[in-house]
Amino acid sequence: MGASFPVLQPVAEPIPENPTARGAVRTRWLWPAALALFVLFWQFGEGVAKWAFSYPRAFEIPAARWIGKATKWLVDEASFGLFTFTDFTRFLAEIIDLPYRVALGLLSSGLLSGQGSSAVQHLPPLSWLAVLAIVALIGHHAGGVRLAALVTACFGFLVLFGQWTSAMVTLASIVVAVPIGVVAGLLLGLAAWRWPVFERVLVPILDLMQTIPVFAYLVPVLVFFGFGPTAAIVATLIYALPPMARVTILAMRSVPSEIRDLGNMVGCSRRQMTWKIMVPSAKDSLMVGVNQVIMLSLNMVIIASMIGAGGLGFDVLAALRRLDIGAGLEAGLAIVALAVALDRLSQAYAEKAGRPAAGLPTDGGLVSRHAYLVAALAIVVVTFLAGLAVPALQSFPESWQVSTGTFWSEVVRWINVNFFDALEAIRNVILLNLLVPLKRLLGDLPWAGVVALLALAGYRLGGLRLATLVGVLSFLIAATGQWEKAMITVYLCGVSVVFACLVGVPLGILAAERDRLWRWLQLLIDTLQTLPSFVYLMPVVMLFRVGDFTAMIAVVAYSVVPAIRYTVLGLHRVDPRVAEAGRAMGCTPGQILVKIKLKLALPEILLGLNQTIMFALSMLVITALVGTRDLGQEVYIALTKADTGRGLVAGLSVAFIAIIADRLISAGANRIRERVS
């Protein structure tokens, strides 16, 4: 038996060097050497290469001036022969304004003639009772009695707490923006699925649309479409359209090949294949995109109120300006109630689309074939007549409304009175010992060295292509004069993300091991995700006043959700058999968690880090309202001055930071996934 295994004998010849091992040694020393060179250059290089620390103004790219001139040319001079660019934007505005006026008339203002203070109401809008009953019908059609009760309760909250009028103005915008966004996203996604060249052009544009801060493209929207609800709907469309396009591309590709082959066998044309085979087969996935459009449109209601949207968003913004936490919180909770109702309805219809259609009676009359529609029309007529007889059934009386605004304002006042010294001590300790030193550290770094390090990281993680992308984008931030503000943005984002992960990852680990805790935590983070971003600012401003610390607290609260979600997702995806094998080998629960589960879940946790950064960057632009001096404030100043060039350049810089972080972390996650698979 021993003879069947050869015995290795020592040999006299020298063992040849292993090039792979040699490369591994070089790789091991690459980063320490690069960091050492960077530190030496940082400490002693300013006298030799001052340009590497402060980008020379003479060589700055005047992108803001170019964009400003292009915008002015578009508004004043651009012509397409038969019509000008301004005529084109006015035509688009009229197309959007017509359905908006119809929706607003039905839900809020009624049938009017005339404009402004001279407007005369000929018919009232739908009564609160009619809307509640119709919403209950829609809920019953989508998901049965439980869903009907839930959405009725959400809309009942709007009535009871005096948020009805503002909520209906917001709902009118949503009713118009969502169908346009869904149709436009569907068409773009179908075009990208059909023509790969168009997809290669479209995907980078979608990336920019999702990473540029909303404030940045509010500026050109304001210039092109003016101030008012129409401009706000256009901004909402730009913000909410990309997910629908992406979902459409993925949904078309996920349709089984057998279905496509069947369509070809029966002789379908390209149009028939698209609209009669592919789209119906992917309708359950497409409904997920509809859900995303609805939720993103609701996230825009406050920001869009800055250019004339009105509604609940304006109420929250006005409360923030007055630091009226009670009124702001009630308006914010009204947005949450509206978001929960629309989210559950869209999810229910998505699930319904994925189920086989039940056999519907085709031999009955009109009532049996369209029972819900007939019931809705009957409700409108009955409630209209009832409202004429009893005004309280048309408009909910103010004397019946309740409010908790005073209570919440008193709670914050009590905290300020009794805990001011403790809160101020916490603020000063973190501000003086962490935030200010880190801010100065990043501000002193040489831009050229940072660009080189980022390019090196891109090369190590993704090769030459990623290195070029990261290097060019970071160089453009410096070359457009945004480096100093970008470093403040990076410092605020970095600190906030670290704190969010320190809170979110341990919570995710605890929740992944305890199902009951995860159910409660999931309810909490679902609520946090539906809260408008502005709502996070009000309590922290009232407790800590304005400044970087206030911004950091608001960003951490807003961005902690993905850190929790992706940690739980990664740990739940670990194969239980792997943990059982570790337990059989005698590993303790701590060893199984640290050395097995967390290692296998690390790619998902890194993706959670990626999403945390994206959330933090989007929130940082909004924290410009509380006194930060970063790119977000630059965008906000551009909005107040209607300076398109300044706003877009600062917004693109934020987008470049987001793209750099996204590409580097995604590449790192992919490498870890390959290593552990």
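Placed above this text is the structure.
Cut-off values and rules
Residues numbered from 1 in each chain as written. Predicted model: local features only at pLDDT ≥ 70, side-chain atom pairs only at ≥ 80, totals over all residues. Heavy atoms only, no water. Helix = DSSP H or I, 4+ residues; strand = E, 2+ residues; numbered from the N terminus. Rg over C-alpha atoms; globule rule 2.2 N^0.38 Å. Buried < 20%, exposed > 50% of the residue type's maximum accessible area, 1.4 Å probe, protein only. Contact = heavy atoms within 4.5 Å. Areas by Shrake-Rupley, 256 points an atom, 1.4 Å probe, with all protein chains shown as cover. Axes fitted to C-alpha atoms, helices over the stretch in contact; angles between N-to-C directions. Parallel < 35°, antiparallel > 145°, perpendicular 65-115°, else oblique. Nonpolar A, V, L, I, M, F, W, Y, C, P; charged D, E, K, R; others polar. Salt bridge = Lys/Arg side-chain N within 4 Å of Asp/Glu carboxyl O. Core = buried A, V, L, I, M, F, W, Y, C linked by side-chain atoms within 4.5 Å.

Draft legend 1. Spatial organisation of the overall build of the protein. A tally of regular secondary structure across the protein gives 28 helices and two strands. Here the C-alpha radius of gyration of the protein, 29 Å, is about what a compact globule of 677 residues would show, namely 26 Å. When its C-alpha atoms are laid out on the principal axes, the protein stretches across 105 × 70 × 65 Å. Of all 677 residues assigned to the protein, the portion counted as buried reaches 46%. A sequence separation of at least 24 residues applies to 79% of the contacts in the protein between residues at least 6 apart. Roughly 35,200 Å² of accessible area belongs to the protein as shown, and the carbon and sulfur atoms make up 67% of that amount.

Draft legend 2. Fine view of the packing of helix α11 (residues 270-281) against helix α12 (residues 283-299). At a minimum axis distance of 5 Å, the contact between α11 and α12 shows a crossing angle of 70°. The orientation of α11 relative to α12 falls into the category roughly perpendicular. Residues Val 279, Pro 280 and Ser 281 of α11 lie in contact with α12, whose contacting residues are Lys 283, Asp 284 and Leu 286. Per-class residue counts for the contact of α11 with α12 are three nonpolar, one polar and two charged.

Draft legend 3. Fine view of the pattern of salt bridges. A complete count under the given rule lists 14 salt bridges for this structure. Asp 575 serves as the salt-bridge partner of Arg 577, at 2.9 Å between the closest nitrogen and oxygen. The exposure class of Arg 577 is exposed, given its relative accessible area of 65%. Taking the shortest distance from any N to any O, the salt bridge between Glu 580 and Arg 583 comes out at 2.8 Å. Pair noted here: Glu 580 and Arg 583 are both in helix α25 (residues 576-584), with a separation of three residues, about one helical turn.

Draft legend 4. Local environment of the nonpolar core. Counting 182 residues, the largest nonpolar core has Phe 155, Trp 164, Phe 215, Ile 307 and Phe 534 as its most contacted members. A per-element tally of this core places helix α21 (residues 483-513) first, with 15 residues. Look past the residues within four positions of Ile 307 in its chain and what remains in contact with it is Leu 218, Val 221, Leu 222, Phe 227, Gly 228, Ala 231, Ala 232, Ala 235 and Leu 639. Counting residues in each nonpolar core, the second largest holds seven residues, with Ala 192, Leu 202, Leu 206 and Met 209 among its members.

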